[in-house]
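Descriptive structure summary
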Amino acid sequence: MTHLRHLNTTCAVCGEACRFTVPEAAGCVGSRDLDTRPAEPLRSTIYAWVKRCPSCGYCAPDPGKAPEGAADVVKLPRYRWQLDARKFPNIANTFLCWSIIQEDLGLLAQAAWASLHAAWVCDDEGEDVPARICRKRAADLLRRAWEKGERLAGLEGTDEAVLADLLRRAGRFREARTVVAETLEKNPLPIIADIMRLQARLIAASDRGAHTVAEARRFRQPVPL
Ligand SMILES: [Zn+2]
């Protein structure tokens, strides 16, 4: 069970005192999803990964800190619309607002992560269409990050594996298949190759569901006749 504690801070954008309920640090037991989503109990603490200032609507992992320029982004019509966009779950909007701030500040890989996290919230709420929108946004941000030479993760091939999953789960099977084929041609690390072969099977079956890295490892075992 995850214990809760209170976090008192001062919003770095508007100066209001804020109080948030947050879980104690949690680990995870078990395999991650193919898009890196951790297992429990960390998985369920997602609602506390970003916080929203109730006064000005600034959204960030720590509203007590604001990157330079964040205060201007919070005023943008696009940001204000996203803050209360009714078609997304509330916490997904908080992640998407944090994603907009980072996109506007040119931190595209970080913006992609925040959009993927918004998709996970939509998954938990059973909101399929908003989840697909969040994944499409994350995929676009990730490709823009690559153009700037930014990567999501250090391990070679991880970005491509995440992109393939984003596209598959967004229902963009043809694009996902291209990413899988291009990555396999480059003779990737064994774990990336396992993941991509699982992705190829899932795409062939038009499967848009969540699957784990452990499943990808299992597929490596030869099937007994
Ligand atoms: Zn504020």
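Residues numbered from 1 in each chain as written. Predicted model: local features only at pLDDT ≥ 70, side-chain atom pairs only at ≥ 80, totals over all residues. Heavy atoms only, no water.

With that out of the way, let us pick up the packing of aromatic side chains. The full count for this structure, using the stated rule, is one aromatic pair. Ring centres of Trp49 and Trp120 lie 6.2 Å apart, and the angle between their planes is 80 degrees; on these two criteria the pair is classed as edge-to-face. Highlighted residues: Trp49 in the loop between β2 (17-23) and β3 (51-52) and Trp120 in helix α4 (residues 108-124), separated in sequence by 71 residues. The exposure class of Trp49 is partly exposed, given its relative accessible area of 23%. (Phe/Tyr/Trp six-rings, centres within 6.5 Å; stacked < 30°, edge-to-face > 60°. Helix = DSSP H or I, 4+ residues; strand = E, 2+ residues; numbered from the N terminus. Buried < 20%, exposed > 50% of the residue type's maximum accessible area, 1.4 Å probe, protein only.)

One way to put it is that helix α3 (residues 90-104) packs onto α4 with a least axis distance of 8 Å and a crossing angle of 170 degrees. Looking at the two axes, α3 sits roughly antiparallel to α4. On α4, the residues touching Ile91, Ala92, Phe95, Leu96, Trp98, Ser99, Gln102 and Glu103 of α3 are Leu108, Gln110, Ala111, Ala114, Ser115, His117, Ala118, Val121 and Cys122. (Axes fitted to C-alpha atoms, helices over the stretch in contact; angles between N-to-C directions. Parallel < 35°, antiparallel > 145°, perpendicular 65-115°, else oblique. Contact = heavy atoms within 4.5 Å.)

Bringing empty space enclosed by the protein into the picture now. Over the atoms, a rolling probe the size of a water molecule traces out where space has been left empty. Inspection of the entire model under this criterion finds one cavity of 30 Å³ or more. Here the largest cavity is characterised by a volume of approximately 30 Å³. Going through the elements one at a time, α4, α5 (128-147) and α6 (158-169) are the ones with two or more residues in the lining of the largest cavity. In terms of residues, the lining of the largest cavity owes the most to one element, α4, which gives three residues. (1 Å grid on protein atoms, 1.4 Å probe; cavity = no way out; pocket = protein on both sides within 12 Å on 5 of 7 lines; lining within 4 Å. Points joined across faces, edges and corners; volume = space filled by probe spheres on them.)

Around a metal, the perfect tetrahedron of four donors has angles of 109.5 degrees, and the perfect octahedron of six donors has angles of 90 or 180 degrees. Bound to the zinc ion are the protein donor atoms Cys11 (SG), Cys14 (SG), Cys53 (SG) and Cys56 (SG), situated 2.3 Å from the metal. Note that the zinc ion binds four donor atoms; their angles at the metal cover 106 to 113 degrees, and the shape is tetrahedral. For the zinc ion, the donor residues sit on a single chain with the sequence spacing C-x2-C-x38-C-x2-C. Of the two residues, Cys11 is situated in the loop between β1 (4-10) and β2 and Cys56 in the loop between β3 and β4 (59-60); the sequence distance between them amounts to 45 residues. Taking relative accessible area as the criterion, Cys56 reaches 13% and is therefore assigned buried. (Donors = N, O, S within 2.8 Å, 3.2 Å for Na, K, Ca; no water. Tetrahedral: all angles 85-135°; square planar, octahedral: opposite > 155°, others 65-115°.)

The end-to-end C-alpha separation of α4 is 25 Å, in line with the 24 Å expected for 17 residues at 1.5 Å each. When you tally the buried positions in α4, you get 14 out of 17 residues, the bulk of the element. Remark: Gly126 follows α4 within two positions and exhibits a positive phi of approximately 70 degrees. (Expected span 1.5 Å × (residues − 1).)

Each assigned domain of the protein chain is listed here: domain 1 (1-152) and domain 2 (153-225). Computed from C-alpha coordinates alone, the two centres of domain 1 and domain 2 are separated by 25 Å. On the domain 2 side, the residues contacting the 19 residues of domain 1 number 27 residues. For the pair domain 1 and domain 2, the summed buried area comes to about 2000 Å², and 60% of that belongs to carbon and sulfur atoms. There are 11 residue pairs in polar contact (both at pLDDT 80 or more) connecting domain 1 and domain 2. (Domains from an automatic or database assignment. Buried area = accessible area lost by both parts, 1.4 Å probe. Polar contact = N/O pair within 3.5 Å; in protein donor to acceptor, adjacent residues only side chain to side chain.)

Moving on: helix α7 (residues 173-185). An α-helical turn contains 3.6 residues, so any two residues separated by three or four positions project in the same direction. Along its 13 residues, α7 runs 18 Å from first to last C-alpha, staying within 8% of the 18 Å computed at 1.5 Å per residue. Looking only at α7, the buried set comprises Phe173, Ala176, Val179, Val180 and Thr183. Projected down its long axis, α7 shows its buried positions confined to an angular sector of 120 degrees, all on one face. Looking at α7, the residues exposed on the side facing more than 90 degrees away from the buried face are Arg174 and Glu185. If you follow the buried residues of α7, they end up packed against α5, α6 and α8 (190-204). Among the residues trailing α7, Asn187 stands out with phi positive, at a value near 55 degrees. (Arc of directions from axis to C-beta.)

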